[in-house]
Amino acid sequence: MIAQQIINAVSLGGVYALLALGLAIVFSIVGLINFAHGELMTLTGYVLLAALIAGVPFPAAVLLAVICAAVAAVAMERIAFRPMRGASVTSLLLTSFAVSGLLKVIFQNGVSARPQAVAIPSWMTGAFSIGDFTIGVGPTISIVVSILALIALEFFLRRTVTGTAMRAAAEDFDVVRLMGIPANRIIATAFLLSGLLAGLAAMLWVASRASVDPLMGFTPVLKAFIAAVVGGLGSLPGAVAGGFLLGVIEVLLQATLPAAIAPYRDAIVLSGVIAVLLIRPQGLIPAVRVQRS
Amino acid sequence: MAVMTMERSSARSILPAAFRNAGVDALAMIAALVLAALAIYLFGNAAMQRVVTYAAIMLTAVLGLQIFSGNTGIVSFGHAAFVGLGAYATGILTMPAALQRTALRDLPQFLAGHEMSFFAALTVVLVLAMLIGLITGMPLFRLSGSSASIATLALLIIVYTLLVAGREITRGSQPFYGVPREVGLWTAVAVAALAIVAARLFRETSFGLAARAAADDERGAAAVGVDHRVARLAAWVLGAVAAAAAGAMMAQFLGAFSPKDFYFDFGFTMLAMLIVGGMTSSLGAFAGVVVTVLVVEVVRRFEGGGVILGLQMPVLFGLTQGVLAVAMILVIWRRPTGLFGDHELNLLRRPGMTKGNPVKLAADAAPARAEGGPISVEKLSRRYAGVVAVDDVTLTFQPDSITGIIGPNGAGKTTLLNMIAGDVTPSSGTVSVGVPARPASAFRFARAGIARTFQNIRVFPRMTVLENVVVAAREVEPGLAAAEAAARHELARMGLEAFADRPAASLAYGQRRRLEVARALALKPRFLLLDEPAAGMNAVETAELVSILAAVRSERHIGVILIEHDMRLVMNLCERIVVVDRGRVIADGTPAEVQNNPAVVAAYLGSRTARARQGNDVQ
C-alpha cells in the first residue's frame, strides 16, 4: 500500500516536472509564462484520439500525438508570440493567456465540450506483482518515461551545441546572439522542447484517465506553474524539483488527510507553496541571470 | 477682489495640482456613467437596465484590478477571488433567516441569521476584504514580476478550493441561492462612482506614485527612497476592497451563483476588459468595460445559433470568451497600451489649461538635510563567483566636498558606488552613511540622504517628467503639494520645467541625464553619487553639467561622489580623487598629487610606459 502510494506520488510528480520543465525552458529564454501550455496537452490528447479512431496502431498514434504537440508549440511561437518579440513580460503573459482562452473555445466548438473516451490498451491499466507488492503498470510507465525524458533533455543541453547555446541564452540572451547564434533557432528549439515535454506529459495524463476534454490541460498546467515558481522561475533543475515536490505532497496529503479535510487539499498545498516562497522568494533553486549596472 | 484672489491661490496650494486634475477627471467619468444610467432609466427597458447595472458592477471590479495591476505592472488573476469572497460573504449576511435554515442547515452559529441590509453587509465585506488583502498581500509581495502573477493565480485557486470545500457555508459547488436582489441600477452606479474616484486619485497619492515608479524601474525607484513592497501592498489592499465591493453587488444582482462563477473565466473576463481599454489608467478601465460590455451584448445574441441574415448559424459554446480573447490579442498586438492609451483624461492639463506658474529661481533656498556624519566605508569587499570586484577598501567621504572616483574599466568603481548606495550587499565590511540606516537597503539609504544616478539612466519612462521628480520629493516633503512645488523647483534648476507634463520617455538623452540629477536632488540629499554623469554627452552638455554641479555643491553644501572617465571634468571639478584598480584603492589625494602618482600612471598606461616615464624623470 505504501509502495503503491510512493509510486503514484512519483508518477504524478513526474508529469508535473515535465510540464514545469517545458514552462521553465520557454521562460528562461523568452521571458514568457506560457498559459497556452495546457492547450498543447489538450491538442495532443485529441490527436491521439483521432489517430486511434482512424485505426493507427497505439504506439504510432502516441508518437504522432507527441510530434504534433512539438509542431504545435513551434507554430504557436511563430503565429502568436513572434510578432510580440521584445514586448514586456506582461504583454507576453497576457497574449498567451488570450491564446489559451481562444484555443479552449476552438476545442469546445471544433470537437466537443464533453469528455471523449480514449481506448487505452488494457495492458497499460493492469498491474504486476513483485514479491508482496502490487504495482500499477501505468504509474510505472509514467515514472520511466519521465526519467528517460529528463535524462535525454540533460544530455541535449549538456552535449550539443544548440543545447549549450540554450543554457547560455537562459543566462544572457544578448551575448549569445553576439556569438553569432541565430535567435530564431534558439527560440524555436525552446518551444519545440516544451512542446515535446507537454506531449509526453499529456500522454501520461491521458493514460491515467482514459478520456480527453477541452479543459484537460488546465489543472495540470496550473499545478506546473506553481511548481515552476516554487522551484525558481526559469530554473530548469528548480522546475523538476518543484514538480516532483508538488506531486509527492499532493498524493501524500490525499492518502493521509481525513475525509473531512480532504476537499481542502489544494488550498493546503498552495498555502504551503506560499510559505516556501516566504522563506525563499527566488524559489528553491534560483535561476542565474546576469545584471548590468 | 484682491482678498478673494489670495484666498483662491492659497486654496490651490493646499490641494495639489495632481489631485485637482484627478478630481476633475473622475467627475467627468462619473458624469458619463450617470448620464448613461439616466438615459437607460428614462428610455430603456428592464433588460437594458440590467445590462447597465451589470456594467457598473463590472466597472467596480475592473477598477479594483486596475488599481493594483495598472499601478504596479503585476498582472493579477486573484481579483476574481476577491469578487467571489465578497459575493459569498454578502450572500450569507443578507439572506433571510428562514431561507437560510433550509438552504444552509449546517451554517456555523456565528454566521447565521444576520439578515443585514445591503449597505450594512457591504461595510462588513469591505472591512473583511481589507483584512484579507493585508494577510494575503504581505507574503505575496516578497515576490516580484511573473512570480507574483503566478502567486495571485495560486490565491485564486486557494479561494476557489475553499469555496467548493466549505460546504456548510457555501453549499459547495452547488448553486448558492436565495440572496435578496436589492442591488439595482442606482446602487451599482453609486458604488462604481466611488470606485472611479478611488482609482483615479490613487495613482496620484504617494503610494500610487511609488508603485508606478517601481513598475517602471525597480532599482531606480529604490534609489529615490521608494519601498515598493509597501506601495504594492497598498495598491493590493485598495484593489481588493474595490473587487469585494463589486462582489457584494454581484451577489445581490444575481441572487444565485456558484464558485465557478468567480473562477478562471471570470478572472479572464476582468483582465480582458482591462487590457482592451488600457491597463495603466482608470480611463482605460472605464473605456474597456464600456466597449467589452457592448461587444459582449451583441455577440451574446449569436451564441445560441439560429438564422441570421438568411444563414443558419450553429450553436457556439463560449463565443463571448472567444471574442474577448481575440479582442485581447488584437489590442496587445496593435495597441499594446490599450484602446485608450496609457494616459488619463488630464482635463486640466490640456493645451491652454496649463498656466505655467513661473518658478522663481532666486537664491537656491533648498536647505541641506539635517546634519549627519560622513560616509565611511570599512574593509569593504565584494566578490562575484571568483571575481573580486572590490577588495578591502576603506575610505571616508566628507559632506560638502567633491570626490572623483577614477580607474580603468572593470576596476570596481560602480560596484563600490553601488555598495555605498545600499544597492549591492557587501561580501564583507561595512558601509556607514552618517545616520543610522539598515545595511544594504537602497531605499533606506536614499531616505537617509544618499541620492544617486545610474550609469545607464534609470528614469521612469511612463511617468511624466514632473512625476519623476515628485516621487523623490514625496519622500522628504510633508505633503503632495509641497512635493510638487519642490519638484518644479528642481526641474527649473535643471532647465526642464518646460517639459514637466511630458512623459519622461520622450526626453532626449542629455535631458534624461539632467532629469535623473533633478530627481536625485529632490531627495534633499547629504550626498549625491553620480555614476558617469557625462557619459554620452557632448562638450556643450558636459560644460553645462559641470556648472550645474559646481553651483549645487556650493549652494547646498552636499557631498558629491562621482565616477567619470572624462579626465578634464574630473580634474576641474573634484577636490579629491580616489583611483581604483582591480578592486583596490591605489591612490587618494588632490588632482595634482594623483596625476603624478606612478601607480596611477601604471594602471592607466601600462607598467612599461610608467617605468619609461619614471626613467625619464630620473634622467
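In this text, all values refer to a predicted model and were calculated from it rather than measured experimentally.

Undergrad: Now, about the overall build of chain B: what can you tell me, with residues and values included?
TA: A count of helices and strands for chain B gives 25 helices and 11 strands. Burial analysis of chain B (619 residues in total) assigns 51% to the buried set. Sequence-distant contacts in chain B: of pairs separated by 6 or more residues, those separated by 24 or more amount to 75%.

Undergrad: Break down the sheet that holds strand β4 (residues 387-397) of chain B for me, with residues and values.
TA: All names here are of chain B. Taken in spatial order, the 3 strands make up an open sheet running β4-β3-β6, and their pairing is antiparallel. Unpaired on one side and paired on the other, β4 and β6 (428-432) mark the two borders of the sheet. Ignoring which end each strand starts from, the neighbouring axes of this sheet average 20 degrees apart. Bridge count for strand β3 (residues 375-384) against β6 is 4 bridges, and the pairing is antiparallel. Bridge assignment links S376 to a residue of β6, and that residue is S432.

Undergrad: Run through the packing of helix α18 (residues 465-476) of chain B against helix α20 (residues 509-521) of chain B, naming residues and quoting values.
TA: Residue and element names in this part refer to chain B. Close contact between α18 and α20 brings their axes to 7 Å; oriented N to C, the two are set at 30 degrees. Taken as axis vectors, α18 and α20 run roughly parallel relative to one another. Once α18 is placed against α20, the crossing between them reads as right-handed. In this structure, α18 uses V465, N468, V469 and A472 to contact α20, whose residues at the interface are L515, A518 and R519. Residue composition of the contact of α18 with α20, grouped by class: 5 nonpolar, 1 polar and 1 charged.

Undergrad: For the domain arrangement of chain B, give the residues involved together with the corresponding values.
TA: Residues and elements named next belong to chain B. By the assigned domains, chain B splits into domain 1 (15-260) and domain 2 (375-618). Placing a centre on the C-alpha atoms of domain 1 and another on those of domain 2 gives a separation of 45 Å. Contacts between the two partners involve 19 residues from domain 1 and, on the opposite side, 25 residues from domain 2. Top element by residues in the side of domain 1 that touches domain 2 is helix α10 (residues 206-216). It accounts for 6 residues. For the side of domain 1 that touches domain 2, the class distribution of residues is 11 nonpolar, 3 polar and 5 charged.

Undergrad: Quick one: what's the story with the nonpolar core, residue by residue and with numbers?
TA: Across soluble globular proteins, nonpolar side chains have a tendency to be buried as a group. Ranked by size, the top nonpolar core spans 310 residues in total, and within it A69 of chain A together with M328 of chain B carry the most contacts. Here A69 of chain A is in contact with L40, L43, T44, G195, L196, A198, G199 and A202 of chain A, once residues within four sequence places are set aside.

Undergrad: An account of the interface of chain A and chain B is needed here, citing residue identities and associated values.
TA: Counting from both sides, the interface comprises 35 residues of chain A and, opposite them, 39 residues of chain B. Listed by contribution, the elements that provide at least two residues to the side of chain A that touches chain B are α4 (89-110), α10 (218-231) and α12 (265-279) of chain A. With 14 residues, the top contributor of residues to the side of chain A that touches chain B is α4 of chain A.

Undergrad: Pulling in residues and values, what's your account of the sheet that holds strand β9 (residues 559-563) of chain B?
TA: In sheet architecture, strand pairing relies on hydrogen bonds along the backbone and comes in two forms, parallel and antiparallel. Residues and elements named next belong to chain B. Strands sit in the order β7-β8-β9-β5-β10-β11 across an open sheet of 6 strands; the sheet is mixed. Two strands bound the open sheet, and with one partner strand each, they are β7 (450-452) and β11 (584-589). Averaged over all neighbouring strand pairs, the angle between strand axes comes to 20 degrees, with direction disregarded. Direction of pairing for β7 relative to strand β8 (residues 527-531): parallel, over a ladder of 3 bridges. Paired with R452 across the two strands is L529, which belongs to β8. On top of the sheet, helix α16 (residues 413-420) reaches β5 (402-406), β8, β9 and β10 (576-581); it is set at about 150 degrees to β8, its chief contact.

Undergrad: Before we move on, could you go through the confidence of the model for chain B and cite the residues and values that matter?
TA: Residue and element names in this part refer to chain B. Mean pLDDT for chain B: 86, with 90% of residues reaching 70 or above. Across residues 1-12, confidence stays below pLDDT 50; counting only partners more than four residues off in sequence or on other chains, it has 0 contacts. Below pLDDT 50 for its whole length, residues 361-365 participates in 4 contacts with residues either more than four positions away or in separate chains. For this predicted complex, the interface confidence reaches an ipTM of 0.87, while the overall pTM sits at 0.88.

Undergrad: I'd like a rundown of the pairing of β3 of chain B, residues and numbers included.
TA: All names here are of chain B. Pairing of β3 with β4, which is carried by 7 bridges, proceeds in the antiparallel orientation. What sits directly across from R382, in β4, is V390. Taking the residues that link successive antiparallel strands as the turn, the β3-β4 hairpin has 2 residues, and the phi of A385 there is positive, at about 35 degrees.

Reading the values: the criteria
Throughout, a residue's number is its position along its own chain's written sequence, starting from 1. Here chains are named by letter from A upward and ligands by number from 1 upward, in the order in which they appear as written. Only residues with pLDDT of 70 or above have their local features reported here, since the model is predicted, and side-chain atom pairs are shown and tallied only from 80 upward, although totals for entire chains, interfaces and linings are computed over all residues. Elements are defined by DSSP. Helices are runs of H or I of four residues or more, strands are runs of E of two residues or more, and each kind is numbered from the N terminus. Burial is judged by counting the other C-beta atoms within 10 Å of a residue's own C-beta: 20 or more makes it buried, 12 or fewer makes it exposed, and any count in between marks it as partly exposed, with every C-beta position built from the backbone. What counts as a contact here is a pair of residues whose C-beta atoms, placed from the backbone, lie within 7 Å. Only strands joined by at least two bridges in the DSSP assignment are considered to pair. In this description, a line fitted to the C-alpha atoms serves as the axis of each element, helices being fitted only across the stretch in contact, and the angle between N-to-C directions of two axes falls anywhere from 0 to 180 degrees. Angles below 35 degrees are treated as roughly parallel, those above 145 as roughly antiparallel, those between 65 and 115 as roughly perpendicular, and all remaining angles as oblique. The handedness criterion is simple: a crossing whose near helix is rotated anticlockwise from the far helix by less than a right angle is left-handed, and one whose near helix is rotated clockwise is right-handed. Residues are sorted three ways: Asp, Glu, Lys and Arg are charged, Ala, Val, Leu, Ile, Met, Phe, Trp, Tyr, Cys and Pro are nonpolar, and all the rest, Gly among them, are polar. The split into domains, and so the bounds of each, comes from an automatic or database assignment of domains. Definition of nonpolar core: a set of buried Ala, Val, Leu, Ile, Met, Phe, Trp, Tyr and Cys residues joined via C-beta atoms within 7 Å. Residue-level confidence of the predictor is what pLDDT reports, using numbers from 0 through 100.

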